[in-house]
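Residue strings, one per chain:
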Amino acid sequence: MHWSEEIAQKIIERNPNKEEYVCAAGVSPSGSVHIGNFRDLATPLFVVKALQKKGKKARLLISWDEYDRCRKIPANVQQVVGNDYDKYIGCPYVDIPDPWGCHENYAKHFEEEFLKGIEPFGIELDCRYQAEMYRSGKYTRDIIESLQKKDEIFEILDSFKTKDASKSEEELKAEHDAEKAAYYPVSIFCPECRTDFTTITSLSDDCTEADYTCRCGHKGHFNFLENFNCKLGWKIDWPMRWRYEGVDFEPGGKDHAAPTGSYNNSKIISEKVFGFKAPLFQGYEFIGIKGMTGKMSSSSGLNLTPETLLKLYQPEVLLWLYSKTDPTKAFDICFDDGILRQYFEFDKMLTDVREGRANDITYDIMYNCMVPGRDIATVPMALLVQLGSVVNFNVPMLETVFEKIGMPYREADFADRLDRAKFWLEQCAPDQVNRLRSTRNFEVYNTLNDDEKKTIELLHDYIARGGYTLDELNSELYAIPKEVYGADLDEKVLKGVQGAFFKTVYKLLIDKERGPRLYLFLFAIEPEKYVGLLDFSYPQTEAEIEADKPCEKCADPEEVEVNREPDPVAPVKEQVTIDDFDKLDFRVCKILKAEGVRKSHSCLKLTLFDGLGERVIMSSIKEEYTPEQLVGRKIIVIANLKPNRICNINSQGMLIAATNNACGCKIIFVDDSVPEGTAIH
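Residues numbered from 1 in each chain as written. Predicted model: local features only at pLDDT ≥ 70, side-chain atom pairs only at ≥ 80, totals over all residues. Heavy atoms only, no water.

Enquirer: Sorry if this is basic, but what is going on with the overall build of the protein here?
Expert: When helices and strands are counted, the protein shows 26 helices and 22 strands. Burial statistics for the protein: of 681 residues in total, 48% are counted as buried. Across the protein, every contact between residues at least 6 apart in sequence was considered, and the portion connecting residues at least 24 apart equals 69%. Counting every atom, the protein has about 34400 Å² of accessible surface; 49% of that belongs to carbon and sulfur. (Helix = DSSP H or I, 4+ residues; strand = E, 2+ residues; numbered from the N terminus. Buried < 20%, exposed > 50% of the residue type's maximum accessible area, 1.4 Å probe, protein only. Contact = heavy atoms within 4.5 Å. Areas by Shrake-Rupley, 256 points an atom, 1.4 Å probe, with all protein chains shown as cover.)

Enquirer: How should empty space enclosed by the protein be read in this particular structure?
Expert: Empty space left among the atoms is revealed by rolling a probe the size of a water molecule over them. The full count for this structure, using the stated rule, is two cavities of 30 Å³ or more. Taken together, 14 residues form the lining of the largest cavity, with A24, L61, S63, R241 and E250 sitting closest to its centre. Residue assignment for the lining of the largest cavity shows that the elements contributing at least two residues are β1 (21-27), β2 (58-64) and α9 (234-245). It is α9 that provides the largest number of residues to the lining of the largest cavity, a total of four residues. Tallied by class, residues from the lining of the largest cavity come to seven nonpolar, three polar and four charged. (1 Å grid on protein atoms, 1.4 Å probe; cavity = no way out; pocket = protein on both sides within 12 Å on 5 of 7 lines; lining within 4 Å. Points joined across faces, edges and corners; volume = space filled by probe spheres on them. Nonpolar A, V, L, I, M, F, W, Y, C, P; charged D, E, K, R; others polar.)

Enquirer: Would you take a moment to explain the environment of T577 for this structure?
Expert: With respect to the helices and strands, the residue T577 is situated in the loop between α24 (542-547) and α25 (578-582). The sequence separation of T577 and E119 amounts to 458 residues, and the corresponding C-alpha distance is 67 Å.

Enquirer: Explanation requested: the sheet that holds strand β7 (residues 219-223) in the structure shown.
Expert: The strands that make up a sheet pair up through hydrogen bonds in the backbone, lying either parallel or antiparallel. Read from one edge of the open sheet, three strands run β5-β6-β7, paired in antiparallel fashion. The strands lining the two open edges of the sheet, one partner per strand, are β5 (198-203) and β7. Ignoring strand direction, the axes of neighbouring strands in this sheet form an average angle of 30 degrees. In the sheet, strand β6 (residues 209-214) pairs with β7 via five bridges, with the strands oriented antiparallel. Bridged to T213 within β7 is K219. (Pairing = 2+ DSSP bridges. Axes fitted to C-alpha atoms, helices over the stretch in contact; angles between N-to-C directions.)

Enquirer: Is there a simple way to think about helix α20 (residues 450-465) in this case?
Expert: Since the α-helix advances by 3.6 residues per turn, residues separated by three or four positions end up pointing in the same direction. Here α20 contains 16 residues, and its C-alpha end-to-end distance of 23 Å stays within 8% of the 22 Å for a straight helix at 1.5 Å per residue. Within the sequence span of α20, burial applies to T455, I456, L458, L459, H460, Y462 and I463. Where α20 is buried, its residues meet α21 (470-485), α22 (491-510) and α23 (518-524). For α20, the N-terminal cap is N449; the gap from its side-chain oxygen to the backbone nitrogen of D451 is 3.1 Å. Where α20 terminates, the next one or two residues include G466, which has phi positive at roughly 70 degrees. (Expected span 1.5 Å × (residues − 1). Polar contact = N/O pair within 3.5 Å; in protein donor to acceptor, adjacent residues only side chain to side chain.)

Enquirer: I would appreciate a short explanation of the packing of aromatic side chains in the present structure.
Expert: How two aromatic rings sit relative to each other is set out by the distance from centre to centre and by the angle between their planes. For the structure on display, the rule yields 34 aromatic pairs. For the ring pair W100 and F110, a centre distance of 5.9 Å and an interplane angle of 85 degrees mean the geometry is edge-to-face. Taken as a pair, W100 in the loop between α3 (75-81) and α4 (106-117) and F110 in helix α4 lie far apart in primary sequence, 10 residues in all. Stacked on the ring of Y184, the Lys or Arg K150 has its end atom at 5.0 Å from the ring centre. Between the NZ or CZ atom of R215 and the centre of the ring of F197, over which it lies, the distance is 3.7 Å. (Phe/Tyr/Trp six-rings, centres within 6.5 Å; stacked < 30°, edge-to-face > 60°. Lys NZ or Arg CZ within 6 Å of the ring centre and 35° of its normal.)

Enquirer: I tried to follow the nonpolar core on my own but got confused; where do I start?
Expert: By size, the foremost hydrophobic cluster in this structure holds 112 residues, and its most contacted members are F38, Y313 and I333. In this structure F38 touches F114, I118, F121, I123, P306, L319 and Y322, once residues within four positions along its chain are discounted. Judged by nonpolar contacts, the second largest core, of 43 residues, contains C91, V94, I188 and M240. (Core = buried A, V, L, I, M, F, W, Y, C linked by side-chain atoms within 4.5 Å.)

Enquirer: Would you explain the packing of helix α16 (residues 381-390) against helix α18 (residues 411-428) in this entry?
Expert: Two measures define how a pair of helices packs: the angle their axes make with one another and the distance between the axes. For the pair α16 and α18, the least separation of the axes is 9 Å and the interaxial angle reads 65 degrees. Taken together, the axes of α16 and α18 are roughly perpendicular relative to one another. Handedness of the α16/α18 crossing: right-handed. Contacts from M381, L384, V385 and S389 of α16 reach α18 at F414, R417, L418, R420, A421, W424 and L425. In the contact of α16 with α18, the residues fall into eight nonpolar, one polar and two charged. (Parallel < 35°, antiparallel > 145°, perpendicular 65-115°, else oblique. Left-handed = near helix turned anticlockwise from the far one by under 90°.)

Enquirer: Would you take a moment to explain the packing of helix α2 (residues 38-53) against helix α15 (residues 360-369) for this structure?
Expert: It is at 10 Å that the axes of α2 and α15 come closest, and there the two elements cross at 110 degrees. When the axes of α2 and α15 are compared, the pair comes out roughly perpendicular. Considering only the axes of α2 and α15, their crossing is right-handed. Contact residues: α2 offers F46, K49 and K53, while α15 offers D364, Y367 and N368. Its residues assigned to classes, the contact of α2 with α15 comprises two nonpolar, one polar and three charged.

Enquirer: Just to check I follow, could you spell out the pattern of salt bridges for this structure?
Expert: Opposite charge on two side chains lets them pair, provided their charged atoms get close. All chains considered together, the criterion is met by 53 salt bridges. Note that K53 and D364 form a salt bridge whose closest N and O atoms lie 2.9 Å from each other. Of this pair, K53 sits in helix α2 while D364 sits in helix α15, placing them 311 residues apart in sequence. Using a relative accessible area of 14% as the deciding quantity, one classes D364 as buried. Put simply, R59 and D126 hold a salt bridge, and the shortest N to O gap is 2.6 Å. With R59 in strand β2 and D126 in strand β3 (residues 126-129), the pair connects residues that are 67 residues apart, well separated along the chain. A cluster of three or more residues bridged by salt bridges with shared partners is formed by E20, R59, D126, R128 and E245. (Salt bridge = Lys/Arg side-chain N within 4 Å of Asp/Glu carboxyl O.)

Below is the structure:
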């Protein structure tokens, strides 16, 4: 049974006769709503679908927490307004001007950005705007009730706090009593500075009126029956809204799901203070990013919104990632070639469903991710990328190529994926763009021995003669090395020379050792476009020599001199023996994955293969390198360094780098030919 079906069944069992079930999520418009928040939306969405599939009435309720206080100005906003918006710290988001001036306020800008971004998903939302709910007086009764039960609320919240073991019982009790006397579950927004930097100094016996002071110097009197410019604290606001809306299910990040997290606090407040049984809760893991730098959050400026990701992913594929993964498990949004594998897996599941081969779980996964009114054509994304780049994404030419290789897709079949394939290739993987050379590659050809040159000659002659089918071309590509090196070669040796032959052809045609499947590539492209690149029967021309000269203006940016004073050269340290050196395990490791870390502005989390298995290290290189510059590279790591906890992650070693004011931090990379696990002596 799919995880959403299990949750739906539990909801029904708790309240079998309810007329309509409510699955809720909360979104704060503190900045661009990134794809990590989308799990807060997708999780209850799939539960709503599961309930509806069981014949129940259910709706997805989204609470816009626009009445939350501003805690930090996001990086992308600071780029527009500088530090000028720091004055709005403590203000509700609806009271902050839109930095771009295109919406009535800050909150509306990001709310509309998100709502527009998710339109392609076809999701039906019932939105609640919390500023309107509070300021219209809808929560007045709940606020007064919370004030009347403030001591009870304080005791619940206090029970989750960690006590200072260094203090005596008397000291702890005195501290507890002082905090309890000063505690109020509601904050008043100052009418002068509009922030919540206020302190309630007195409260009437019936809890309807209060006196308060503000950090700005303003003093005032507040009537909760008439004035509504106030807000309950988060852990009281959440359960209050559960009761008000009759919520049956709501998910939250794993921080909320922790034993001392918000949900367990709010659950008790809901049941003991508000007399409402807390809804079912599902904690979820955070989403990772593979192949791109930065922590995925609105405050960091790395704004991976749904609208942005839809330039890479079809909406169904994004929904599929969330649907197929249990909420308690993480998964990656891929900017590297992992996205091609994701499309492949999606297509396979969809084909299995369409052809009746899928199991129940697969049916449920695909049911959740289908968007009404859309029909998906499973044109292989990897093939669109490979062949599209060769024909420069020219649609008529691409149709011709597909027809020639026996896959007669038309524009209507691949149009929805073509722009995404092009965007990924050009923006995320420019190194994978396949372009035919304009001249013969004598630099490579001159390194070949006579047998290798003979294989190229035979291939050229075969292509030039023409008249072959796709299968015949495929067979010929494997037959040519046999003809040159002998058909009686050991199978392993034969595979080696065939692989080397393929690499040579790729290098001669597209300056790479790998590319699209060679037989498809050679068959799909018009022979006259490339056959000349395989013809070395005449000398290199002057035009070719001139074309292959290196561009003096195209200096490697990594080689550009930096005009900074180097650090003073330190004296040589105290001598050690070779035995001392041998205690350190320097070994070559390959970087499998690099990602930003929550709560760290300087560290990247690197997942490495050290020759024996995987290990994780934390390194303060975020300012110097992006993950896409690191993934796949080989580095030197001190592997037997005692593990150290950094940002709550167990770091199992330290990479070797050179650090100097003249160059910054430069990692010592190892040649790719050196196997992982190799010792450094």
